[in-house]
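# Descriptive analysis of the structure
Spelled out from the first residue to the last, the chains are:
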Amino acid sequence: MKARAAATFAARVQLEGVTKVYDGAGALNGVDLDVKSGEIVCLLGPSGCGKTTLLRVVSGIERPSSGRVLINEREVAGPNRFVPPESRGVGLMFQDFALFPHLTVLNNVAFGLKALPQADSLKAARAILDRVGLLDMASSYPSVLSGGQQQRVALARAILPRPAVMLMDEPFSGLDVQLREAMQEETLALLRETRATSLIVTHNPEEAMRMGDRIVVLRRGRVAQAGKAEELYHAPADLFVARLFSEINEFPARVRGGVVETPAGVFPAPGMEDGTQAVVCLRERGLNLTVNGNGGPGLPGRVLGVKFLGDSTRMDVAVAGFERPLKVRVDQQDALARGTEVKVGTAPGSVLVFAAETGT
Ligand code: ATP
């Protein structure tokens, strides 16, 4: 069995009211975040929401415009103090892996241990290469490695100095789907062994759910919601978060007396004033279809189309009272033929009501 990677002193990472303004525009607009020692947090959000900027501010590559960053309760960036990246005990891994093409795999990995005598740094580099299964490639150059092998080298290089904090910017986006899953598992195992507090940037909700103890959803430089995957799925704070974690049907409705009336029933619209324009969301997975349900509960409907999607099948169902067909997602074996007459019901927890989005 291969040796386990040595453990690190894990560090707490805190951001307090961090802003970063570029050319008058806010890339970060007041971010508060408290990452526990050894916790793995995924930063999730669409392009341009500030994920990379947040990593750069934590690493020290960028200074915040205002607010503070603390590592183990020590201010590393703030109004009166700025600790440079090399003194923060952080490891960085970039999307493109950024390996040095003119150095062998072994020297790429040993690069982060320049402070040690060469014999020691090479010994440590060999040990970590063995851990990631690449010792036999030690004297190769990066150009002959596959994407997955390059990812492992980059990971080994970042983790070898045993950073208390690991910052990873889209570390799997360059890998194909099959390889990605294997590398996610391996990376997770290595991060757990070293107990490094980790911030991983991704724009892929599934990856965030797979990797993160907690997920922080960023939007326009703000934290839209932070929590465990289950919390974000079951109780999304707004429409934006709901769309990230669930396939949904959306339709507009007006709030009256604290509820919205829809063809599928009356649903509470908590905290929304009368007259508010709302969006009602029906999860595609939360619509139940019953065949031969004549006289039974549910709205009458008819299957208009069936789409095989591998792990699931999606049906378009015309439902009484709805202007447009509803999308219904089921396991493949539960798919119905086009033209089937059905009764449509909603499962508990499958209906969400939010205020309609304003602005862009
Ligand atoms: P992506 O997923 O596309 O990498 P992101 O969420 O990582 O996006 P950031 O790279 O943090 O987003 O960028 C946030 C905003 O700040 C964007 O509007 C971007 O154009 C702007 N920005 C980032 N870096 C700079 C810079 N060095 N100079 C000027 N504007 C910048």
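In short, a report on the structure. (Residues numbered from 1 in each chain as written. Predicted model: local features only at pLDDT ≥ 70, side-chain atom pairs only at ≥ 80, totals over all residues. Heavy atoms only, no water.)

## Things to note about the side chain of Ser 59
For Ser 59, the position within the fold is in helix 1 (residues 51-59). A distance of 2.9 Å separates the side chain of Ser 59 from the backbone oxygen of Arg 56, its partner in a polar contact. Each residue touching Ser 59, except ones within four places of it in the same chain, is listed here: Pro 85, Arg 88, Val 90, Leu 92 and Leu 167. (Helix = DSSP H or I, 4+ residues; strand = E, 2+ residues; numbered from the N terminus. Polar contact = N/O pair within 3.5 Å; in protein donor to acceptor, adjacent residues only side chain to side chain. Contact = heavy atoms within 4.5 Å.)

## Concerning the environment of Ser 312
Note on placement: Ser 312 falls in strand 18 (residues 312-319). Ser 312 sits in the buried class, given a relative accessible area of 6%. Along the chain, Ser 312 and Asp 334 lie 22 residues apart, while their C-alpha atoms are 9.3 Å from each other. Ser 312 has contacts with Arg 285, Lys 307, Arg 329 and Val 330, leaving out every residue within four places of it along the chain. Here the side chain of Ser 312 touches Arg 329 through a polar contact of 3.3 Å, side chain to side chain. (Buried < 20%, exposed > 50% of the residue type's maximum accessible area, 1.4 Å probe, protein only.)

## Some thoughts on the site of the ligand
Close to the ligand lie Tyr 22, Asp 23, Ala 27, Pro 46, Ser 47, Gly 48, Cys 49, Gly 50, Lys 51, Thr 52, Thr 53 and Glu 170, which account for all nearby residues. For the ligand, an oxygen atom lies 2.6 Å from a polar atom in the side chain of Ser 47. Contact distances for the ligand include 3.0 Å between an oxygen atom and a backbone N or O atom of Gly 50. Protein chains bury 57% of the 630 Å² of accessible surface belonging to the ligand in isolation. No other element matches the three residues that helix 1 contributes to the shell around the ligand. A per-class count over the shell around the ligand returns four nonpolar, five polar and three charged. (Near = heavy atom within 4 Å. Areas by Shrake-Rupley, 256 points an atom, 1.4 Å probe, with all protein chains shown as cover. Nonpolar A, V, L, I, M, F, W, Y, C, P; charged D, E, K, R; others polar.)

## Things to note about unusual backbone geometry
One non-glycine residue, Asn 72, lies in the positive phi region at around 50°. Among the secondary structure elements, Asn 72 is positioned in the loop between strand 4 (66-71) and strand 5 (74-78). The backbone of Glu 170 sits at a positive phi, close to 45°, despite the residue not being glycine. Along the polypeptide, Glu 170 turns up in the loop between strand 8 (165-169) and helix 5 (177-194). Given a relative accessible area of 10%, Glu 170 falls into the buried group.

## Here we look at helix 4 (residues 147-159)
Taking 1.5 Å of rise per residue, 13 residues should cover 18 Å, and helix 4 covers 18 Å from first to last C-alpha, within 8% of that figure. Taken as a whole, helix 4 has its buried residues at Gly 148, Gln 151, Arg 152, Val 153, Ala 154, Leu 155, Ala 156, Arg 157, Ala 158 and Ile 159. Buried positions along helix 4 lie against strand 7 (90-93), helix 2 (105-110), helix 3 (118-131), strand 8 and helix 5. (Expected span 1.5 Å × (residues − 1).)

## Side note on the layout of surface pockets
Space inside the largest pocket adds up to approximately 470 Å³. Looking at the largest pocket, it is lined by 18 residues, and the ones nearest its centre are Val 90, Gly 91, Leu 92, Gly 112 and Pro 161. In terms of residues, the lining of the largest pocket owes the most to one element, strand 7, which gives four residues. The residue inventory of the lining of the largest pocket, partitioned by class, reads 12 nonpolar, four polar and two charged. (1 Å grid on protein atoms, 1.4 Å probe; cavity = no way out; pocket = protein on both sides within 12 Å on 5 of 7 lines; lining within 4 Å. Points joined across faces, edges and corners; volume = space filled by probe spheres on them.)

## A look at the sheet that holds strand 12 (residues 248-254)
The three strands are arranged 12-15-21 in an open sheet whose pairing can be described as antiparallel. Among the strands making up the open sheet, the edge pair consists of strand 12 and strand 21 (351-355). The sheet shows a mean angle of 25° between the axes of neighbouring strands, direction not considered. Here seven bridges tie strand 12 to strand 15 (residues 277-283), and the two strands are oriented antiparallel to one another. Bridging from a neighbouring strand, Ala 253 pairs with Ala 278 of strand 15. (Pairing = 2+ DSSP bridges. Axes fitted to C-alpha atoms, helices over the stretch in contact; angles between N-to-C directions.)

Purely spatial values, then, with no claim about function.
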